[in-house]
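Working through the structure, step by step
For reference, the chains in residue letters:
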Amino acid sequence: MEEKSLKLAILLIIAYLLGSIPSGIWIGKWFFNVDVRQHGSGNIGTTNTYRVLGKKAGTIVMIMDILKGTLATSLPFFFNVNISPIIFGIFAILGHTFSIFDKFKGGKAVATSAGMLLAIHPILFLCACIFELSFTYITSMVSLASMISFPLIVILLFLDNDPWLGTIGLLLTIFIFIRHRKNIIRIKEGNENLVPFGLIYNHKNK
């Protein structure tokens, strides 16, 4: 019993450390000699990396943030642990938002949450990607697109008769809204950062 508990504790720590990997910081410093925290919105996630370092760097950071959530969530499958993979995904999300490598600061949990979804429900992950891309194009705001997409995924989870995962998704949605509280203020004031494409961006730059 003690051996199983120790194994579980080690794997949960690994999940947290995987989530803690500050992709935006490391890519910026190693390949561009730029600290993304000192530019743009100061966030270490995909959107700010895209804005500060360009499309390639932003895409790499997005993939890394998704995969660390997927890998962490898959740990119980790899090591034959009879614990819900969602628990491991949550530890990765906590690592991403409160990274030990970034003085317990971090990103806004969107990409890593998507990575957890990829590990446990690939079809809904594809739906999430479609929602995110569509609403980003419509609004030209990644933050708003994420805040619209997550509730829709939660609705699909409940419709798929998965109340446990739906409840976790609902809690994550609330958490993501809290992490985006500054974005919500900027959206209300009309000052939110726009991606350089989409309907609103094109309308403002006619």
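Just so it is clear, the model here is predicted, and its values are computed rather than measured.

Cut-offs applied
Residues numbered from 1 in each chain as written. Predicted model: local features only at pLDDT ≥ 70, side-chain atom pairs only at ≥ 80, totals over all residues. Heavy atoms only, no water. Phe/Tyr/Trp six-rings, centres within 6.5 Å; stacked < 30°, edge-to-face > 60°. Helix = DSSP H or I, 4+ residues; strand = E, 2+ residues; numbered from the N terminus. Buried < 20%, exposed > 50% of the residue type's maximum accessible area, 1.4 Å probe, protein only. Axes fitted to C-alpha atoms, helices over the stretch in contact; angles between N-to-C directions. Left-handed = near helix turned anticlockwise from the far one by under 90°. Contact = heavy atoms within 4.5 Å. Nonpolar A, V, L, I, M, F, W, Y, C, P; charged D, E, K, R; others polar. UniProt positions renumbered as here; feature names shortened; annotations may be inferred. Expected span 1.5 Å × (residues − 1). Bend = angle between axes of the 7 residues up to and from the residue.

1. Notes on the packing of aromatic side chains
Any two aromatic rings considered together are summarised by their centre-to-centre distance and by the angle between their planes. All chains considered together, the criterion is met by four aromatic pairs. Aromatic pair W26 and F101: ring centres 5.7 Å apart, planes at 55 degrees, arrangement tilted. Pair noted here: W26 is in helix α2 (residues 23-32) and F101 is in the loop between α5 (85-97) and α6 (110-120), with a separation of 75 residues, a long-range link. Judged by relative accessible area, which is 26%, W26 ranks as partly exposed. Judged by relative accessible area, which is 43%, F101 ranks as partly exposed. With a centroid separation of 6.4 Å and 40 degrees between ring planes, the pair formed by F131 and F135 is classed as tilted. Here F135 and F131 lie together in helix α7 (residues 122-139), a separation of four residues that amounts to about one turn. Assessed through its relative accessible area of 22%, F131 is described here as partly exposed.

2. So, the packing of helix α4 (residues 55-78) against α5
Orientation of α4 relative to α5, taken along the N-to-C sense of each, is 145 degrees, at an axis distance of 7 Å. Along this stretch, α4 crosses α5, giving a crossing that reads as right-handed. Residues D65, K68, G69, A72, T73, L75, P76 and F77 of α4 form the contact with α5, whose participating residues are P85, F88, G89, A92 and H96. Classifying every residue of the contact of α4 with α5 gives seven nonpolar, four polar and two charged.

3. Remarks on the UniProt feature "transmembrane region" (unreviewed entry) in the chain
The sites that UniProt annotates as "transmembrane region" (unreviewed entry) are residues 6-27, 77-98, 110-131, 138-158 and 164-180. For residues 6-27, helix accounts for 91% and strand for 0%, while the C-alpha atoms at its two ends are 33 Å apart.

4. Digging into α4
The first and last C-alpha atoms of α4 sit 33 Å apart over 24 residues, in line with the 34 Å expected at 1.5 Å per residue. Of all the bends in α4, the greatest, near 25 degrees, is centred on A72, and the proline P76 appears no more than four residues after it. Looking one or two residues beyond α4, the residue adopting positive phi is N80, at roughly 55 degrees.

5. Some words on the environment of N80
Looking at the element boundaries, N80 is found in the loop between α4 and α5. Given the relative accessible area of 69%, N80 is considered exposed. Separated by 125 residues in the primary sequence, N80 and N205 place their C-alpha atoms 54 Å from one another.

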